[in-house]
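# Examining the three-dimensional arrangement
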Amino acid sequence: ENFAEALEDTQYVLISRRDLMGLAKRKPVIIYRLAKLVGERRREAEREKESLMLKGVKERLASLLLKFGDAYGVDDS
């Protein structure tokens, strides 16, 4: 079972399989980008799972700080 919780006001859209397949025929690049996004999210989930299972608290915290630094940090060198 999967679930999600929005932390702020959110809109979501449902698209039927038929409509998605029609869109794929008209705009194949959309399906490519969607597949890439799903793959990236899966890899990230696998990395997080591995981190929880194999790393200690210090290593997990260091990894998280490096991840946040890459995502939100400011280069001040």
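Summarised in this report is the structure supplied together with it. Worth saying up front: this structure is predicted, and the values here are computed from it rather than measured.

On to a nonpolar patch on the surface, then. A cluster of nonpolar side chains, contributed by Leu61, Leu64, Leu65, Phe68 and Tyr72, occupies part of the molecular surface with about 540 Å² of accessible area. Summarising the element assignment, leucine 64 is placed in helix H3 (residues 57-72). Residue classification places leucine 64 among the partly exposed positions, given a relative accessible area of 36%.

A few words now on the packing of helix H1 (residues 17-26) against helix H2 (residues 28-54). The packing of two helices is summarised by the inter-axis angle and the distance between the axes. Axis separation between H1 and H2 bottoms out at 5 Å; the angle between their running directions is 115°. Our classification of the angle between H1 and H2 gives roughly perpendicular. Where H1 abuts H2, its residues Leu20, Leu23, Ala24, Lys25 and Arg26 lie against Pro28, Ile30 and Ile31. The residue makeup of the contact of H1 with H2, split by class, is six nonpolar, no polar and two charged.

On inspection of all chains with the given rule, the structure shows five salt bridges. A salt bridge links aspartate 19 to arginine 18; the nearest nitrogen and oxygen atoms lie 3.6 Å apart. In this structure, lysine 67 engages glutamate 48 in a salt bridge whose closest nitrogen and oxygen atoms are separated by 3.4 Å. Residue lysine 67 is located in helix H3, and its partner glutamate 48 is located in helix H2; the two are separated by 19 residues in the primary sequence. Since its relative accessible area comes to 39%, lysine 67 is described here as partly exposed. One connected set of salt bridges, linked through shared partners, spans Glu44, Arg47, Glu48 and Lys67.

Thresholds, definitions, all that
Residues numbered from 1 in each chain as written. Predicted model: local features only at pLDDT ≥ 70, side-chain atom pairs only at ≥ 80, totals over all residues. Heavy atoms only, no water. Patch = residues over 30% accessible without salt bridge, like charges linked within 9 Å, V, L, I, M, F, W, Y side chains within 5 Å. Areas by Shrake-Rupley, 256 points an atom, 1.4 Å probe, with all protein chains shown as cover. Salt bridge = Lys/Arg side-chain N within 4 Å of Asp/Glu carboxyl O. Helix = DSSP H or I, 4+ residues; strand = E, 2+ residues; numbered from the N terminus. Buried < 20%, exposed > 50% of the residue type's maximum accessible area, 1.4 Å probe, protein only. Axes fitted to C-alpha atoms, helices over the stretch in contact; angles between N-to-C directions. Parallel < 35°, antiparallel > 145°, perpendicular 65-115°, else oblique. Contact = heavy atoms within 4.5 Å. Nonpolar A, V, L, I, M, F, W, Y, C, P; charged D, E, K, R; others polar.

Interpretation in functional terms is not warranted from these geometric data alone.
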